[in-house]
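# Observations on chain architecture
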Amino acid sequence: MANFTPVSAAIGGALIGLSAVLLMLLNGRIAGVTGIFAGLIDPLGTDRGWRATFIAGLIAAPLSAVLVGYTLPVPQMPTSLLVVIAAGLLVGFGTRLSNGCTSGHGVCGIARLSPRSITATAVFMGAAIVVVALTRHVFGG
Amino acid sequence: MRALASLLCGFVFGWGLFISGMMRPDKVLGFLDVFAIPSGNWDPSLAVVMAAALVVTGIGYALARRRPPAFETQNQWPAQTAIDRPLIAGSVLFGVGWGLVGLCPGPAIANLATLTSPVIIFVIAMAVGTVVHDLWFGRSLAPASPSLAAANAADG
């Protein structure tokens, strides 16, 4: 497990939890990126203001990390643009259909012990594990 | 104040993603690759991220249930409890997309900071997927419908 980074993972995870708690204590909202993003781009969406600033903060964070001396790694993406587009469409459509993603179901939902969110998280994690197994070990060689 | 509060929350969330390494698709895929367990190359970091986030959120939500939020009249806890076909189908589609690239919505948006074209294209495709869903199910066309209210009180 040479790639395992438990300390930074625990600190980062705690910060994500802190963000979810603060958003509930201050604005009474669930910190689900799917819902926040979808409400922002919906032409008839409501509460655009706080959604826009949440997204702005999300993008500003890694930029501020660079300012204080961290390097921001360029994400390794598939070389095929077709795969990138297909995956983006699936993530956008799928998270909207199931009303949540890793943050909304995976963190906020499981923290509420919601059977609905626990089910969603088990299903999307299972599907992703199957896809990675296929692309890396069956077709990827 | 609401906008400022959520700016802070987005900022803390983004730092969490950055520090934890979850902005890196290779690290996320390293967790999802369970067949790397026998060879010792598996990366359990994502499980630690989730566990830490769940402990903090679980305790914090217990506090949040006792009082109204600072800048709103009441907390908007998700009302949906159904384990239905859209939940399962949507989760399968999301999982397939997540497994293909290693980006879910939060890290995808945070990675816009890198100004790299594959990420920008991914986020645009994600937005298109969201809009296609809303048009298909008529949410944007019928703002007063209960389904829109349900969507806006979404799980996440």
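Presented here is an overview of the structure given in this document. Since this is a predicted model, take the numbers as computed values, not measurements.

Moving on: the interface of chain A and chain B. In this assembly, 113 residues from chain A lie in contact with 118 residues from chain B. Taking both partners together, chain A and chain B bury about 10,300 Å²; carbon and sulfur atoms supply 75% of that area. The largest per-residue losses of area from chain A upon contact with chain B belong to Phe93(A), Arg96(A) and Arg116(A), which jointly make up 7% of the total buried on that side. Remark: the boundary between chain A and chain B carries 4 salt bridges. Among the salt bridges present, the one from Arg2(B) reaches Asp47(A), with a minimum N-O distance of 3.7 Å. Going through the elements one at a time, helix 1 (6-27), helix 2 (33-41), helix 3 (48-67), helix 4 (81-97), helix 5 (102-111) and helix 6 (115-138) of chain A are the ones with two or more residues in the side of chain A that touches chain B. In terms of residue count, helix 1 of chain A provides more of the side of chain A that touches chain B than any other element does, 21 residues in total. Among the residues making up the side of chain A that touches chain B, the classes are represented as 71 nonpolar, 35 polar and 7 charged.

The next subject is the nonpolar core. Core analysis: the largest hydrophobic core is formed by 63 residues, its most contacted members being Phe54(A), Met125(A), Leu17(B), Leu32(B), Leu46(B), Trp98(B) and Phe122(B). Once residues lying within four places of it in the same chain are set aside, the contact partners of Leu32(B) are Met125(A), Ala128(A), Ile129(A), Val132(A), Trp98(B) and Gly99(B).

So, on to a nonpolar patch on the surface. Among the surface-exposed residues, Leu81(A), Ile85(A), Leu89(A), Leu115(B), Ile120(B), Ile124(B), Val128(B), Val132(B), Trp136(B) and Phe137(B) lie close enough to one another that they form a single nonpolar patch of about 930 Å² accessible area. Elements supplying a minimum of two residues to the nonpolar patch: helix 4 of chain A together with helix 6 (117-136) of chain B. Here the nonpolar patch gets 5 residues from one element, more than from any other, and that element is helix 6 of chain B. Under the relative-accessibility criterion, Trp136(B) is labelled exposed at 62%.

About the cut-offs
- Residues numbered from 1 in each chain as written.
- Chains lettered and ligands numbered in written order.
- Predicted model: local features only at pLDDT ≥ 70, side-chain atom pairs only at ≥ 80, totals over all residues.
- Heavy atoms only, no water.
- Contact = heavy atoms within 4.5 Å.
- Buried area = accessible area lost by both parts, 1.4 Å probe.
- Salt bridge = Lys/Arg side-chain N within 4 Å of Asp/Glu carboxyl O.
- Helix = DSSP H or I, 4+ residues; strand = E, 2+ residues; numbered from the N terminus.
- Nonpolar A, V, L, I, M, F, W, Y, C, P; charged D, E, K, R; others polar.
- Core = buried A, V, L, I, M, F, W, Y, C linked by side-chain atoms within 4.5 Å.
- Buried < 20%, exposed > 50% of the residue type's maximum accessible area, 1.4 Å probe, protein only.
- Patch = residues over 30% accessible without salt bridge, like charges linked within 9 Å, V, L, I, M, F, W, Y side chains within 5 Å.
- Areas by Shrake-Rupley, 256 points an atom, 1.4 Å probe, with all protein chains shown as cover.

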